[in-house]
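# Coordinate analysis (summary)
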Amino acid sequence: MSYVPGQPVTAVVQRIEIHKLRQGDNLILGFSIGGGIDQDPTQNPFSEDKTDKGIYVTRVTEGGPAEVAGLQIGDKIMQVNGWDMTMVTHDQARKRLTKRNEEVVRLLVTRQSLQKAVQQSLMA
């Protein structure tokens, strides 16, 4: 999926709801992110065109809340609890995901396999 700044984003999205796991005083999501508008997009292994500064899932803990919810490595996070994540810094994304007063995180994600499945069905 390529993105042109200032143009609408068209994407096939999937809703994922993650219930954070409480460990002591911490709430655990069970995944890590990479990317952001302040990061070098050429270092993003999940971006096809190497200009995408989106937030991507880089690691999912086996058996953790994110894996149980269906999150996958390479998923691009479009929204977190209704907040747009397409033009945020890495730190803004991290803070949005780890808010202490939110025990449930609702994500809208897109992934390459979803995009390709829709494209193939349209060509059939």
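Residues numbered from 1 in each chain as written. Predicted model: local features only at pLDDT ≥ 70, side-chain atom pairs only at ≥ 80, totals over all residues. Heavy atoms only, no water.

Looking at an unreviewed UniProt entry, one finds the chain named Tax1-binding protein 3, with Melopsittacus undulatus as its source organism. The record in UniProt for the chain states the following under Function (unreviewed entry): "May regulate a number of protein-protein interactions by competing for PDZ domain binding sites." (UniProt positions renumbered as here; feature names shortened; annotations may be inferred.)

Turning our eyes to something else, we now look at helix α2 (residues 90-97). An α-helical turn contains 3.6 residues, so any two residues separated by three or four positions project in the same direction. The complete set of buried residues in α2 reads A93, R96 and L97. In an axial view of α2, the angular spread of the buried residues amounts to 95°, which keeps them on one side of the axis. Contacts made by the buried residues of α2 are with β4 (31-35), β5 (55-60), β6 (76-80), β7 (83-84) and β8 (104-110). (Buried < 20%, exposed > 50% of the residue type's maximum accessible area, 1.4 Å probe, protein only. Helix = DSSP H or I, 4+ residues; strand = E, 2+ residues; numbered from the N terminus. Arc of directions from axis to C-beta. Contact = heavy atoms within 4.5 Å.)

Turning to the confidence of the model for the chain, a few remarks are in order. Chain-level statistics for the chain give a pLDDT mean of 86 and a share of 81% at 70 or above. Ranking the helices and strands of the chain by mean pLDDT puts helix α1 (residues 65-69) first, with 97, and helix α3 (residues 112-123) last, with 59. (pLDDT = per-residue confidence, 0-100.)

Right, let's get into the packing of aromatic side chains. If you walk through the whole model with that rule in mind, you get one aromatic pair. Between F46 and Y56, the aromatic rings sit 6.1 Å apart at their centres with planes inclined by 25°, giving stacked as the arrangement. Of this pair, F46 sits in the loop between β4 and β5 while Y56 sits in strand β5, and the two are ten residues apart along the sequence. Note on F46: relative accessible area 23%, which makes it partly exposed. The ring of W83 has R96 lying over it, and the distance from NZ or CZ to the ring centre is 3.9 Å. (Phe/Tyr/Trp six-rings, centres within 6.5 Å; stacked < 30°, edge-to-face > 60°. Lys NZ or Arg CZ within 6 Å of the ring centre and 35° of its normal.)

Residues I18, F31, L71, I77, L97 and L107 are the most contacted members of the largest nonpolar core, which totals 19 residues. At the level of elements, β1 (14-19), β4, β5, β6, α2 and β8 are the ones that each hand at least two residues to this core. Filtering out sequence-adjacent residues up to four positions away, L97 remains in contact with K20, L29, F31, I33, I77, V80, V105 and L107. (Core = buried A, V, L, I, M, F, W, Y, C linked by side-chain atoms within 4.5 Å.)

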